[in-house]
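A structural walkthrough
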Amino acid sequence: MVIKPSLPKGTRDFGPDSMVKREYITSVIKDVFGKYGFRPIETPAMENLQTLTGKYGEEGDRLIFKILNSGDFIKKSDAKAFAEEDSSAFGNSVSEKALRYDLTVPFARFVVQHQNDLTFPFKRYQIQPVWRADRPQKGRFREFYQCDADVVGSNSLMLELDFIRIYDEVFKTLKVPAAIHINNRKILAGLAEVLGITERLTEFTVILDKLDKIGEEGLRKDFAKNNFAPAVADGLFAILNAGSNVDKLVAIKNTLGASSLAMEGLEELNFVFAQADSLNLKNDLVLDISLARGLDYYTGAIFEVKPKGVSIGSIGGGGRYDDLTGIFGMKDLPGIGISFGLDRIQLVMEDLELFPQMEGSRVDVMFVNFGKEEALYSLKLANELRDQGVKVEVYPDGAKMKKQMDYANKANIPHVILIGSQEIAAENFVLKKMEDGTQLNLSRIELFEYFSNNNSTQHGH
RNA sequence: GUGGUUGUAGCUCAGUUGGUUAGAGCGCCUGAUUGUGGUUCAGGAGGUCGUGGGUUCGAGACCCAUCUUCCACCCCA
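Residues numbered from 1 in each chain as written. Chains lettered and ligands numbered in written order. Predicted model: local features only at pLDDT ≥ 70, side-chain atom pairs only at ≥ 80, totals over all residues. Heavy atoms only, no water.

1. Looking at the overall build of chain A
Applied cut-off: The way it works is that DSSP assigns letters per residue, a run of H or I at least four long becomes a helix, a run of E at least two long becomes a strand, and they are numbered from the N terminus. The quantity called the radius of gyration is restricted to C-alpha atoms. Its globule counterpart is 2.2 Å times the number of residues to the power 0.38. Throughout this description, buried means an accessible area under 20% of the type-specific maximum (1.4 Å probe, protein chains only), exposed means over 50%, and partly exposed covers the range between. Every accessible area reported is derived by Shrake-Rupley at a probe size of 1.4 Å, with residue values counting cover from the shown protein chains alone.
When helices and strands are tallied, chain A shows 18 helices and 16 strands. A compact globule built from 461 residues should have a C-alpha radius of gyration of about 23 Å, whereas chain A, at 29 Å, is more than 25% larger. Here the C-alpha coordinates of chain A stretch approximately 95 × 65 × 50 Å along the principal axes. Counting only residues that meet the buried cut, chain A has 48% of its 461 residues in that class. Total accessible area on chain A stands at roughly 23,900 Å², and carbon and sulfur atoms take up 50% of it.

2. Points about the packing of helix α8 (residues 185-195) against helix α13 (residues 260-276)
For clarity, the cut-off: Lines fitted to C-alpha atoms define the axes here, with helix axes fitted over just the stretch in contact, and angles between the N-to-C directions of these axes take values from 0 to 180 degrees. Small angles under 35 degrees read as roughly parallel and large ones over 145 as roughly antiparallel, with 65 to 115 read as roughly perpendicular and the rest as oblique. Crossing chirality is assigned from the near helix's rotation relative to the far helix, an anticlockwise turn below a right angle marking it left-handed and a clockwise turn marking it right-handed. Two residues form a contact once any of their heavy atoms are found within 4.5 Å.
Where α8 contacts α13, the two axes come as close as 7 Å, and the packing angle between them is 150 degrees. Between α8 and α13, the angle falls in the class roughly antiparallel. Handedness of the crossing formed by α8 with α13: left-handed. Where α8 approaches α13, its residues Lys-186, Ile-187, Ala-189, Gly-190 and Glu-193 are matched on the opposing element by Leu-261, Ala-262, Glu-264, Gly-265, Leu-266, Glu-268 and Leu-269.

3. Structural notes on the sheet that holds strand β7 (residues 178-184)
Quick reminder of the rule: For two strands to be treated as a pair, DSSP must find at least two bridges joining them.
One open sheet holds the 8 strands; their spatial order is β1-β5-β6-β11-β10-β9-β7-β8, and the pairing between them is mixed. Only two strands of the sheet have a single neighbouring strand rather than two, namely β1 (39-40) and β8 (284-287). Two elements, strand β9 (residues 301-307) and strand β10 (residues 316-321), share 4 bridges in a ladder whose sense is antiparallel. The residue of β10 that forms the bridge with Phe-303 is Gly-318. The sheet strands contacting α8 are β7 and β9, and the helix crosses β7 at an angle near 50 degrees. Here helix α14 (residues 342-351) sits on the sheet and contacts β6 (143-152), β9 and β11 (335-341); the angle it forms with β11, its principal contact strand, is near 45 degrees.

4. Some points on the nonpolar core
Among soluble globular proteins, nonpolar side chains are generally buried collectively. The criterion, for reference: The set of buried Ala, Val, Leu, Ile, Met, Phe, Trp, Tyr and Cys residues whose side-chain atoms join them within 4.5 Å is what this entry labels a nonpolar core.
Ile-166 and Phe-340 are the most contacted members of the largest nonpolar core, which totals 101 residues. The biggest single contributor to this core is helix α7 (residues 158-174), with 9 residues. Residue contacts for Ile-166: discarding those within four places in its chain leaves Val-32, Phe-33, Tyr-36, Phe-38, Ile-338 and Phe-340. Grouped together as the second largest cluster of nonpolar side chains are 17 residues, Ala-382, Val-392, Leu-442 and Phe-451 included.

5. So, the packing of aromatic side chains
Note the following rule: Here a pair means two rings of Phe, Tyr or Trp (six-membered ring of Trp) with centres within 6.5 Å. Their orientation is stacked below 30 degrees between planes, edge-to-face above 60, and tilted elsewhere. When the NZ atom of lysine or the CZ atom of arginine is within 6 Å of a ring's centre and also within 35 degrees of its normal, the charge is said to sit over that ring.
Inspection of the entire model under this criterion finds 21 aromatic pairs. Seen from their ring centres, Tyr-167 and Phe-340 are 5.1 Å apart, and the 65 degrees between their planes marks the pair as edge-to-face. Pair noted here: Tyr-167 is in helix α7 and Phe-340 is in strand β11, with a separation of 173 residues, a long-range link. Here the two residues Tyr-167 and Phe-340 agree in accessibility, since each one is buried. Seen in terms of ring centroids, Phe-204 and Phe-228 are 6.1 Å apart; in terms of plane orientation they differ by 65 degrees. Their pairing is edge-to-face. Within this pair, whereas Phe-204 is found in helix α9 (residues 201-208), its partner Phe-228 is found in the loop between α10 (211-225) and α11 (230-240), the two being separated by 24 residues in sequence. Here the guanidinium or amino end of Arg-12 rests over the ring plane of Phe-141, the centre of that ring lying 3.5 Å away.

Dropping the structure here:
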């Protein structure tokens, strides 16, 4: 029986053209991370299920891919839960492992587990796929890559500044126009405190987060529908409707002065914006009080990056967390980190046609194969050219010339070298430029000179 | 998880109110051109119409299920 080739929902293959683009993006991100002192780690695709559950909120837990136990898992399964059709409890009884949902929680586990080998503050970056059982859409996949940088073991606001600049530098280098949104969970918590809705903070922020979709009108309606007093919206919009970042900071002070927590958050934001000028940013830094972010563990600054001119959601996010490692038994270890969404950045860059010509990956010259002896003669020359750093192919089969030329043409190989028995006898080779069809008769020395001078080739990254 | 949408040749898509051997363009292969690609001309191959059921004398078209695609919600990178 033949099985039709197909892929699970929300996953993709990446062909060579796509991979060249992806490697370009990750190389830029790695370079920038490196410049700020981050070094790479990797963690396994799967974690123990209990490492992941409870870290991402109720919605997040539902989206974790669980891995079915091996062996005789039915005997150990929860028959009662099965009979009661309790999928969640039954699932946990037949699954002990799960695919990672993000890179931050596995990192927290890593830090606690290797704490004796690490010096703090510890900075790492990590570029690996993560998996979510979400329903796919454009820019939304079940397997996608995150590029994370985090530092744990420091409370310093210098790090907020570093991460803002990292975002800016990456998107500047990639030429992606972006707006870096920043908020602070303490402001949101303080706002809730002042409005007397502390115990409904999560519910409040979920509605608040919809602002850019439904606008002020819609937001007021939603608040009313969920039984928030009109004063709630009034207090909120007193800040939101202030003009510039500075105006908003003033509005926060006037509106939320009664909350010491909010003032703590304000102090942090004041520091960031006071220093922002000296960061020499190319992209916009926007104080956005409506930015909430779902992940449960954030406690201070929160970030989100949105591309300009493409609607695809955020292409980066992150924030500060005071106690991510506490759950693994390591208290008082604050951290902060950000993430880049590789797949979405690729989509944005394709939409905006921002990829440069990737000639660095292209073959420079192909030897036409005229038969066994000629090909072996060509191979020797090819290897000498390779030793000089030229990218060379020898056509592997003695196929028809037309087919070989066609191959070179389609692969966009700029030069072809023809070596038949005549050329071998004369030690004079025919070099053909594919672009205009012109041909040169070159001696061995001239050939090497051609590729060392005319290195149209070596613009690697 | 909720609601909707999509699936016909390698690719992009036609295919009338169910009616005989399912089409086009591009691509692919062969030849014109046995040591020269991109142009042109001639010829050719390639489809169990996503899959499984059902209705019907008859289904690519209608019904059900399922998978897949994309979209809105939810959530997020």
